[in-house]
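What follows is each chain in one-letter form.
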Amino acid sequence: MNFRLSPGLLSALLLGQQGKACWCVHSKLCCLMCTDEFDAYIIVSFVNATLVLSIGETVEEVTDSGFLGTTPTLSCSQLGDDALVQVSY
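Let me sum up the structure you'll find in this document. (Residues numbered from 1 in each chain as written. Predicted model: local features only at pLDDT ≥ 70, side-chain atom pairs only at ≥ 80, totals over all residues. Heavy atoms only, no water.)

1. As for the side chain of Thr73
Okay, so step 1: Mapped onto the elements of the fold, Thr73 is located in strand 5 (residues 73-79).
Okay, so step 2: At 2.8 Å, the side chain of Thr73 forms a polar contact with the side chain of Gln86.
Okay, so step 3: Discounting residues that sit within four places of it in the chain, Thr73 has contacts with Trp23, Ser45, Thr50, Gln86, Val87 and Ser88. (Helix = DSSP H or I, 4+ residues; strand = E, 2+ residues; numbered from the N terminus. Polar contact = N/O pair within 3.5 Å; in protein donor to acceptor, adjacent residues only side chain to side chain. Contact = heavy atoms within 4.5 Å.)

Here is the structure:
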């Protein structure tokens, strides 16, 4: 049995529009002394935009992440200990 939701269905349920891809990334950018073992961001790519959400006690939209929000994201990942990379078009 598969209990996972697709990025499209999950984003449609939560955000009202269907996402095309979704990533979770761990980053020490949120705090230089961060030793948290959990992911820090959820990245949701749409047809014409990218949404970055911070994960914590609540999930909130991040506007100063450095990600380009006006274009879809093809891929993203943590690069080393202190950088995130976004591939978009």
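2. Describing the environment of Phe67
Okay, so step 1: On the secondary structure map, Phe67 appears in the loop between strand 4 (59-61) and strand 5.
Okay, so step 2: Residue contacts for Phe67: discarding those within four places in its chain leaves Ile43, Val52, Cys76, Leu84, Val85 and Gln86.

3. So, the pairing of strand 1 (residues 21-25)
Okay, so step 1: Only one face of strand 1 is covered, namely the face carrying Ala21, Trp23 and Val25; the face carrying Cys22 and Cys24 is uncovered.
Okay, so step 2: With 5 bridges connecting them, strand 1 and strand 2 (residues 41-45) associate as antiparallel partners. Residue pairing for strand 2: Cys22 is matched across the bridge by Val44. (Buried < 20%, exposed > 50% of the residue type's maximum accessible area, 1.4 Å probe, protein only. Pairing = 2+ DSSP bridges.)

4. A closer look at the sheet that holds strand 1
Sheets are built from strands paired through backbone hydrogen bonds, the pairs being either parallel or antiparallel.
Okay, so step 1: If you walk across this open sheet you meet the 4 strands as 1-2-3-4, and the pairing is antiparallel. What marks the edges here is a single partner per strand, and that holds for strand 1 and strand 4. On average, each strand axis in the sheet is inclined to that of its neighbour by 25°, with strand direction left out of account.
Okay, so step 2: Where strand 2 lies against strand 3 (residues 50-55), 5 bridges are found, and the strand directions are antiparallel. Its bridge partner being in strand 3, Val44 is matched across the sheet by Leu51. (Axes fitted to C-alpha atoms, helices over the stretch in contact; angles between N-to-C directions.)

5. Details of the nonpolar core
Okay, so step 1: One finds Ala21, Trp23, Val25, Ala40, Tyr41, Ile43, Val52, Val62, Phe67 and Cys76 forming the largest nonpolar core, which totals 10 residues.
Okay, so step 2: Looking at this core, the elements with two or more residues in it are strand 1 and strand 2.
Okay, so step 3: No other element matches the 3 residues that strand 1 contributes to this core.
Okay, so step 4: Counting 5 residues, the second-largest nonpolar core is a separate cluster that includes Ile42, Val44, Leu51 and Leu53. (Core = buried A, V, L, I, M, F, W, Y, C linked by side-chain atoms within 4.5 Å.)

6. What about the pairing of strand 2?
Okay, so step 1: Across the 5 residues of strand 2, 5 count as buried, placing the element largely inside the fold.
Okay, so step 2: What you see with strand 2 is no split at all: Tyr41, Ile43 and Ser45 on one side and Ile42 and Val44 on the other are buried throughout.
Okay, so step 3: Counted between consecutive antiparallel strands, the loop separating strand 2 from strand 3 contains 4 residues.

7. Focus: the state of the cysteines
Okay, so step 1: With the rule as written, the count across this model stands at 0 disulfides.
Okay, so step 2: Cysteine Cys24 is unpaired, with the sulfur of Cys22 as its nearest cysteine sulfur at 5.4 Å.
Okay, so step 3: The thiol sulfur of Cys76 is not disulfide-bonded, and the nearest other cysteine sulfur, from Cys22, lies at 8.7 Å. (Disulfide = S-S within 2.5 Å.)

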